[in-house]
Amino acid sequence: MPEAPKQYLQVVGGDRNVSDKNKKALEFIEDVTSHADEIQKRVLAEILSRSAQVEYLSRYSLNGRTDRESFKKLVPVVVYEDLQPDIHRIANGDKSPILCSQPISEFLTSSGTSGGERKLMPTIDEELERRSLLYSLLMPVMNQFVPGLDKGKGMYFLFVKSEVKTPGGLLARPVLTSYYKSRHFRERPYDPYNVYTSPNETILCQDSYQSMYSQLLCGLLQNKEVFRVGSVFASGFIRAIRFLEKNWTSLCNDIRTGILDAQITDPAVREAVVKILHPNPKLADFIEEECKKDSWKGIITRLWPNAKYIEVIVTGTMSQYIPILDFYSNGLPLVCTMYASSECYFGVNLQPLAQPSEVSYTLIPTMAFFEFLPVHRNNGLSDPPVSLPDSLNEKEQQELVDLVDVKLGQEYELVVTTYAGLYRYRVGDVLRVAGFKNKVPQFNFICRNNVVLSIDSDKTDEVELQNAVKNAVSHVEPFDASLIEYTSYADTSTIPGHYVVFWELRTGSTPVPPSVFEDCCLAIEESLNSVYRQGRVSDKSIGALEIKIVEAGTFDKLMDYALSRGASINQYKTPRCVKYAPIIDLLNSRVISSYFSPKCPKWAPGHKQWNNQN
């Protein structure tokens, strides 16, 4: 049975040749998936023995016990709000062992929200090794399906986001920003399978325009060497192509003259890019010729002719971007390599060339202790989000099963216990068992619990949307207008995508001015969480929200359509988000007028309770 991840990392990070590293990585996967239950038992015992004296566990009278049975009997299943008081104590400077025996090194800000603000996930220095372990498995797996990747480079659009310090002095930042700024990434040993076109300086640049421009420029300069392209999310990669559509003339000018555009002012970025920027009129002419064509169909394979696949997340809400990715790439394979979150890195895709609808992830049992809460739901016409209760009764807590005990085809909510101080924590992801690798299940990612709208890393749930709409409706009430019904969808036909909210109104004798409807759009945006507002203001990853006013009787037509497809009239309720194309077409066919938010909502980096500290 394999030992702890650190010993494996000493192999993959050392001086052995690449083929030996690949072999060791595949052997590691084979070993840990064959001994999953023993490893899970050891992982839990290790976590609990380390944390025996922490305040959180002492509340539940474990008294140093490290067995699964005692742990499950005594320690409750929790959500973020249960931990928030402890997390705020740590954030405000309490250094006692509250959640973890090791010092909390920083907080990772989750794209999920609590009370409209990002969740803070505690982490420790050691977790960087586990994340690096998972990254080290990706290319050995990929090389089995696409050989020769060591002969080329990866063009990946990677970005850092804003970070703040808590009153206690700990950094709070997104998990990928933490990783890209770590020495594990910045000082990573040379590996021919992991050579990027983007210099580190371009990735670490805080200015999103300069970072995107310089990364695209470097990718174009090395276009024949690019064997794989990608970003973290599908939405991010599409934004890069859209950026190219707007800026190709400037990029071509840089390539033709060998002089970097004056708008790139970051000294580190300029120094890094100038090293590879030399006059190349022939390449500039080629790029110009391709970009001037009427259609951008296949632009990725035209500009980067040796690209073999696109590596992006296209599961869950990101699946809405698959058609436009296929258009831009002439149907290149879409590869989702790993499954991770701010709470923990979970697993890898062992069949990376599978169709997006069939992508499954194999959880690596050394990463954390995993449990699974069975989900029972009825998929209706509108494909509603899974809605699970925030707290579980004793019977529901007993329903949780271990990693090796899940059933094929069953859906579960993922629950984790981590080395960094989360115990029986509900991640909020709903997974379906698709198969097994030895003793370890392979999961399809189905959705995030309760999420109805998402464009990029934003996640808006039904309650939040309802409160936002309620706030906006107050603007039309002085005109004797009231809201009859509403629904929404994420429109990704625009770049960037944007939220669309359909309103059916009962109007009075006084017409509502267009400017008031625009105020309603802004009022909804102002009411949404900070992740959404950051996407609008800072990241520019989300477009202005749109309200579409529909004809009277539209939502009766929507119900008639649902009933015609077998919905029960007794159980039917208006879906607050729609994804099914015929329903969207029906709604759009009855639009009277539409309005957009006239400006960006307010947003400032950091948590609102700390703004006076930063």
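Residues numbered from 1 in each chain as written. Predicted model: local features only at pLDDT ≥ 70, side-chain atom pairs only at ≥ 80, totals over all residues. Heavy atoms only, no water.

1. Examining the overall build of the chain
- Assigned secondary structure in the chain consists of 22 helices and 22 strands.
- Restricting the contact set of the chain to residue pairs at least 6 apart, pairs at least 24 apart contribute 71%.
- By element, 49% of the accessible surface of the chain is carried by carbon and sulfur atoms, the whole surface being about 25400 Å². (Helix = DSSP H or I, 4+ residues; strand = E, 2+ residues; numbered from the N terminus. Contact = heavy atoms within 4.5 Å. Areas by Shrake-Rupley, 256 points an atom, 1.4 Å probe, with all protein chains shown as cover.)

2. Digging into the nonpolar core
- Core analysis: the largest hydrophobic core is formed by 172 residues, its most contacted members being Ile 300, Trp 304, Phe 370, Leu 414, Trp 503 and Ile 524.
- Take this core: its biggest share by element is eleven residues, from helix H12 (residues 234-257).
- Not counting residues up to four positions away in its chain, the partners in contact with Phe 370 are Gln 40, Phe 346, Leu 363, Ile 364, Pro 365, Asp 402, Leu 403, Leu 414, Val 415 and Val 416.
- Counting ten residues, the second largest nonpolar core, distinct from the first, contains Tyr 489, Val 500, Phe 502 and Val 578. (Core = buried A, V, L, I, M, F, W, Y, C linked by side-chain atoms within 4.5 Å. Buried < 20%, exposed > 50% of the residue type's maximum accessible area, 1.4 Å probe, protein only.)

3. Here's the deal with the sheet that holds strand S21 (residues 546-550)
- Taken in spatial order, the four strands make up an open sheet running S19-S20-S21-S22, and their pairing is mixed. In this open sheet, the two strands that pair with only one neighbour each are strand S19 (482-491) and strand S22 (591-596). Taken over all neighbouring pairs, the strand axes of this sheet differ in orientation by 25 degrees on average, direction set aside.
- Where strand S20 (residues 498-506) lies against S21, four bridges are found, and the strand directions are parallel. In the sheet register, Val 500 faces S21, and the bridge partner there is Glu 546. (Pairing = 2+ DSSP bridges. Axes fitted to C-alpha atoms, helices over the stretch in contact; angles between N-to-C directions.)

4. Brief notes about unusual backbone geometry
- Here Ile 495 and Pro 496 are connected by a cis peptide whose omega angle stands at 0 degrees.
- Along the chain, Pro 496 falls in the loop between S19 and S20.
- Residue Arg 424 is not a glycine yet carries a positive backbone phi of 55 degrees.
- Among the secondary structure elements, Arg 424 is positioned in the loop between strand S14 (411-417) and strand S15 (425-437).

5. Details of the pattern of salt bridges
- Applying the stated rule across the entire model yields 30 salt bridges.
- When the shortest N-O distance is used, the salt bridge between Glu 163 and Arg 173 registers 3.1 Å. Placement of Glu 163 in the loop between strand S3 (153-157) and strand S4 (164-165) and of Arg 173 in strand S5 (residues 171-173) is noted, with a sequence separation of ten residues between them.
- Judged by its relative accessible area of 11%, Arg 173 is buried.
- Put simply, Asp 285 and Arg 256 hold a salt bridge, and the shortest N to O gap is 2.7 Å. Taken together, the positions of Asp 285 in helix H14 (residues 281-291) and Arg 256 in helix H12 put the pair 29 residues apart, joining distant regions of the chain. (Salt bridge = Lys/Arg side-chain N within 4 Å of Asp/Glu carboxyl O.)

6. Considering the packing of aromatic side chains
- Scanning the model with the defined rule gives 23 aromatic pairs in all.
- Ring plane angle 55 degrees and centroid distance 5.1 Å describe the contact between Tyr 180 and Phe 185, whose orientation is recorded as tilted.
- The exposure class of Tyr 180 is buried, given its relative accessible area of 5%.
- On the accessibility criterion, Phe 185 (3% relative accessible area) is buried.
- Members of the aromatic cluster, connected to one another through ring pairs, are Tyr 135, Tyr 179, Tyr 180, Phe 185 and Tyr 345.
- The ring centre of Tyr 419 lies 3.6 Å from the NZ or CZ of Arg 130, which sits over that ring. (Phe/Tyr/Trp six-rings, centres within 6.5 Å; stacked < 30°, edge-to-face > 60°. Lys NZ or Arg CZ within 6 Å of the ring centre and 35° of its normal.)

7. Focus on the packing of helix H11 (residues 208-221) against H12
- Running from N to C, H11 and H12 point in directions that differ by 70 degrees, and their axes come no closer than 9 Å. Comparing the axis directions of H11 and H12 gives the class roughly perpendicular. Handedness of the crossing formed by H11 with H12: right-handed. Taking contact as the criterion, the partners of Tyr 209, Met 212, Tyr 213, Leu 216, Leu 217, Leu 220 and Leu 221 in H11 are, on H12, Arg 239, Ala 240, Phe 243, Leu 244, Asn 247, Ser 250, Leu 251, Asp 254 and Ile 255.
- In terms of residue class, the contact of H11 with H12 is built from twelve nonpolar, two polar and two charged. (Parallel < 35°, antiparallel > 145°, perpendicular 65-115°, else oblique. Left-handed = near helix turned anticlockwise from the far one by under 90°. Nonpolar A, V, L, I, M, F, W, Y, C, P; charged D, E, K, R; others polar.)

8. Some words on the side chain of Glu 290
- Along the chain, Glu 290 turns up in helix H14.
- A distance of 3.2 Å separates a polar atom in the side chain of Glu 290 from a polar atom in the side chain of Lys 293.
- Non-local contacts of Glu 290, meaning those with residues more than four positions away in its chain, are made with Ile 299, Arg 302 and Leu 303. (Polar contact = N/O pair within 3.5 Å; in protein donor to acceptor, adjacent residues only side chain to side chain.)

9. Some remarks on the sheet that holds strand S6 (residues 226-233)
- Strand order in the open sheet formed by four strands is S3-S6-S7-S8, with parallel pairing between adjacent strands. In the strand order of this sheet, the two ends are held by S3 and strand S8 (334-335), each with one partner.
- Those strands touched by H12 are S3, S6 and strand S7 (310-313), and its axis lies near 120 degrees from that of S6.

10. What about the confidence of the model for the chain?
- Mean pLDDT for the chain: 84, with 89% of residues reaching 70 or above.
- Confidence drops under a pLDDT of 50 for residues 1-15, and excluding neighbours within four residues, the segment shows 30 contacts in the predicted structure.
- Here residues 378-384 is a poorly scored stretch, pLDDT under 50, and it has ten contacts once near neighbours within four places are set aside; other chains count. (pLDDT = per-residue confidence, 0-100.)

11. Things to note about the packing of helix H18 (residues 462-473) against helix H19 (residues 514-527)
- Contact geometry for H18 and H19: axes closest at 8 Å, N-to-C directions at 140 degrees. Taken together, the axis directions place H18 and H19 in an arrangement best described as oblique. As H18 packs across H19, the resulting crossing turns out to be right-handed. Across from Glu 464, Ala 468, Val 469, Asn 471 and Ala 472 in H18, the residues of H19 making contact are Cys 520, Ala 523, Ile 524 and Ser 527.
- In terms of residue class, the contact of H18 with H19 is made up of six nonpolar, two polar and one charged.

12. Topic: H12
- Relative to the 34 Å expected for 24 residues at 1.5 Å per residue, H12 spans 32 Å between its end C-alpha atoms, a close match to the ideal helical length.
- The principal kink in H12, of about 75 degrees, is found at Asn 247.
- Among the residues trailing H12, Gly 258 stands out with phi positive, at a value near 75 degrees. (Expected span 1.5 Å × (residues − 1). Bend = angle between axes of the 7 residues up to and from the residue.)

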